[in-house]
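The lines below spell out each chain.
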Amino acid sequence: MVVNIGGLVARGALPYLQEYKDLFKSYISISTPHLGTAEAEENLLNKGLSFMSGKSKMLSVREMNLDDNIDLYSCYLFKLSKDPGLSWFKNLILFSSSNDKFCPLESAQIQVNSMKK
């Protein structure tokens, strides 16, 4: 399974790079699960992620599945969404695909779908 977490790693590093924020021009991510993978369509993928996070306790997988804390507001990706790092860039370029079975389109676009319940 290919997991594209490079965009999340870059975002997680931004607080440590604050002194350079005036030099940032463009942030580019390709199918990065910015809002997690909890809404991924592929059942097999969700089962695989659940298995990996439950059996091996891989923290990064649990974080992407919004399973790292019982309280959603304490999950790493929620906390990361409150960080001002992305606002330091003049350009945000977010690539995504509606055919991506791992990363939901809304997650890659950092777009909350208000139609879902």
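Residues numbered from 1 in each chain as written. Predicted model: local features only at pLDDT ≥ 70, side-chain atom pairs only at ≥ 80, totals over all residues. Heavy atoms only, no water.

Draft legend 1. Summary view of the overall build of the protein chain. Of the regular secondary structure elements, the protein chain holds 5 helices and 2 strands. Counting only residues that meet the buried cut, the protein chain has 31% of its 117 residues in that class. Total accessible area on the protein chain is roughly 7700 Å²; 56% of this is exposed by carbon and sulfur atoms. (Helix = DSSP H or I, 4+ residues; strand = E, 2+ residues; numbered from the N terminus. Buried < 20%, exposed > 50% of the residue type's maximum accessible area, 1.4 Å probe, protein only. Areas by Shrake-Rupley, 256 points an atom, 1.4 Å probe, with all protein chains shown as cover.)

Draft legend 2. Structural view of a nonpolar patch on the surface. Where nonpolar side chains cluster on the molecular surface, the patch consists of Tyr16, Leu17, Tyr20 and Leu23 and spans about 470 Å² of accessible area. Following the sequence through the fold, Tyr20 ends up in the loop between helix H1 (6–13) and strand E1 (26–30). The exposure class assigned to Tyr20 is partly exposed, which follows from its relative accessible area of 40%. (Patch = residues over 30% accessible without salt bridge, like charges linked within 9 Å, V, L, I, M, F, W, Y side chains within 5 Å. Salt bridge = Lys/Arg side-chain N within 4 Å of Asp/Glu carboxyl O.)

Draft legend 3. Layout of H1. Among all positions of H1, only Gly7, Leu8, Arg11 and Gly12 are buried. What you see down the axis of H1 is that its buried residues fit within an arc of 135°, all on one side. (Arc of directions from axis to C-beta.)

Draft legend 4. Spatial organisation of the packing of aromatic side chains. Applying the stated rule across the entire model yields 4 aromatic pairs. A ring pair is formed by Phe24 and Phe89, whose centres lie 4.9 Å apart and whose planes are at 10°; its orientation type is stacked. In this pair, Phe24 is assigned in the loop between H1 and E1 and Phe89 in the loop between helix H4 (76–81) and strand E2 (91–95), connecting sequence segments 65 residues apart. We note that Phe24, like Phe89, is buried. One aromatic cluster is present, built from ring pairs that chain together Phe24, Tyr27, Trp88 and Phe89. (Phe/Tyr/Trp six-rings, centres within 6.5 Å; stacked < 30°, edge-to-face > 60°.)

Draft legend 5. Examining the pairing of E1 more closely. Only one face of E1 is covered, namely the face carrying Tyr27 and Ser29; the face carrying Ser26, Ile28 and Ile30 is uncovered. One ladder, built from 5 bridges, connects E1 with E2; its direction is parallel. Bridge pairing in E2 links Ser26 to Asn91. (Pairing = 2+ DSSP bridges.)

Draft legend 6. Seen up close, the side chain of His34. Within the secondary structure layout, His34 lies in the loop between E1 and helix H2 (43–55). Residue class for His34 comes out buried when judged on its relative accessible area of 2%. Polar contacts involving the side chain of His34 include one to the side chain of Arg11, which spans 3.0 Å. A polar contact is formed between the side chain of His34 and the side chain of Ser29, at a distance of 3.0 Å. Once residues within four sequence positions are removed from consideration, His34 is found in contact with Leu8, Arg11, Tyr27, Ser29, Leu77, Leu94, Ser107, Ala108 and Ile110. (Polar contact = N/O pair within 3.5 Å; in protein donor to acceptor, adjacent residues only side chain to side chain. Contact = heavy atoms within 4.5 Å.)

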